[in-house]
Amino acid sequence: MGISYTAEQFSRALRAITPSSHQLKILRIHYSYVEKDITATQLAREMGYSNYVTINNLYGRLARAIGEALGIKKMPEIRLKIIVEFEKRNDGWHWIMRPQFSKAIKKLGWEDKYIDASILPNEISESLEYAEGARKKIYVNAYERDRKARDECIRHYGWACSICGLKMESVYGEIGKEFIHVHHIRPLSSTSGKRTINPIKDLRPVCPNCHAMLHRKDPPMSIEALKKELI
Ligand SMILES: [Zn+2]
Ligand SMILES: [Zn+2]
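## Describing the packing of aromatic side chains
We describe a pair of aromatic rings using the distance from one ring centre to the other and the angle between the two ring planes.
Phase 1: If you walk through the whole model with that rule in mind, you get five aromatic pairs.
Phase 2: Among the aromatic residues, those joined into a ring-pair cluster are Tyr59, Phe86, Trp93 and Trp95.

Shown next, in the form of structure tokens:
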């Protein structure tokens, strides 16, 4: 796509259309990924779809509506290119939200940090099973969901919980092997705008129980504070 649009144009277009709740979720999930970089498969998994066909459909239709609101006469063959840049990597096609488009989302406040628990990946939603009020919308740090950062964190700290020291494997055997949650130790509110995530400084592996306990407070407790609570 040769033409590019400003954040102002995008936000006007977004205001003119009415995305479905699923489309809004897609936007929010995409927005929450580091560098606004996601694959169709990741997006499908986050949405709980078994494959990316539905994602292509929903996101494509949204892009088309935006294109129409922008007054694009000649739509690109792949409508999504209006709002997303495509990049081919080893693990397939990556969708990177156009910076002006993501600015528009922020401008409109559509990047809501309250994400419905039903669409969360296992990391948080599982820990929520332990928490009260699991159906409530919860304060989620989107960065916890970034897989690259997660991998680096675990490579550094290992698979034991940073709070209680538990290795899931030691309780559950084989099935618990290489399973751990990763907690982001900065509250989301302090990471607005351009973020730089440091997997060693900002992330800690924690077991699902400790993770749930951290999130009993909002903003979450510090690792140190919860350690002191251990009996
Ligand atoms: Zn623990
Ligand atoms: Zn957490």
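## Describing the coordination of the zinc ion (ligand 1)
Phase 1: Protein coordination at the zinc ion (ligand 1): the donors are Cys161 (SG), Cys164 (SG), Cys207 (SG) and Cys210 (SG), at 2.3 Å from the metal.
Phase 2: Each of the four donor atoms around the zinc ion (ligand 1) contributes to a set of angles spanning 104 to 116°, which defines the coordination as tetrahedral.
Phase 3: Sequence spacing of the donors to the zinc ion (ligand 1): C-x2-C-x42-C-x2-C. Here Cys207 lies in the loop between strand S7 (203–206) and helix H9 (208–214) and Cys161 lies in the loop between helix H7 (147–157) and helix H8 (168–172), a separation of 46 residues in the sequence.
Phase 4: Classification of Cys161 as buried rests on a relative accessible area of 5%.
Phase 5: Classification of Cys207 by relative accessible area gives buried; the value is 3%.

## Thoughts on the sheet that holds strand S2 (residues 84–89)
Phase 1: Strand order in the open sheet formed by three strands is S1-S3-S2, and the pairing between neighbours is antiparallel. Pairing within the sheet leaves two strands with one partner each, and these edge strands are strand S1 (37–39) and S2. Taking each pair of neighbouring strands and ignoring which way they run, the sheet shows an average axis angle of 35°.
Phase 2: Where S2 meets strand S3 (residues 92–97), six bridges bridge the pair, whose relative direction is antiparallel. Within the sheet, the bridge partner assigned to Glu87 lies in S3 and is His94.
Phase 3: Contacts from helix H3 (residues 40–47) reach S1 and S3 within the one sheet, and its direction differs from that of S1 by about 80°.

The rules behind each value
The residue count restarts for each chain, going from 1 along the sequence in the order it is written. Chains carry letters and ligands carry numbers; both start at the beginning, A for chains and 1 for ligands, and go up in the order they are written. Only residues with pLDDT of 70 or above have their local features reported here, since the model is predicted, and side-chain atom pairs are shown and tallied only from 80 upward, although totals for entire chains, interfaces and linings are computed over all residues. The side-chain numbers reported here are obtained from all heavy atoms of the structure, hydrogens and water having been left aside. Centres within 6.5 Å are what make two rings of Phe, Tyr or Trp a pair, Trp counting through its six-membered ring; a difference in plane orientation under 30 degrees is then read as stacked, over 60 as edge-to-face, and the rest as tilted. Sodium, potassium and calcium take a 3.2 Å donor cutoff, other metals 2.8 Å, and in both cases only N, O and S atoms count; water is not among them, so sites may look incomplete. Angle rules define the geometry names used: all angles between 85 and 135 degrees makes four donors tetrahedral, while opposite donors over 155 degrees apart and all other angles between 65 and 115 make four donors square planar and six octahedral, leaving every other case irregular. Secondary structure elements are defined from DSSP: runs of H or I of at least 4 residues count as helices, runs of E of at least 2 residues count as strands, and each element is numbered from the N terminus. Under the scheme applied here, a residue whose accessible area is under 20% of the maximum for its type counts as buried, over 50% as exposed, and between as partly exposed, the area being computed with a 1.4 Å probe on protein chains only. Two strands are said to pair when DSSP picks up at least two bridges between them. Note on geometry: axes are lines fitted to C-alpha atoms, helical ones only across the stretch in contact, with angles between N-to-C directions running from 0 to 180 degrees. Contact criterion: two residues are considered in contact whenever any of their non-hydrogen atoms come within 4.5 Å of each other.

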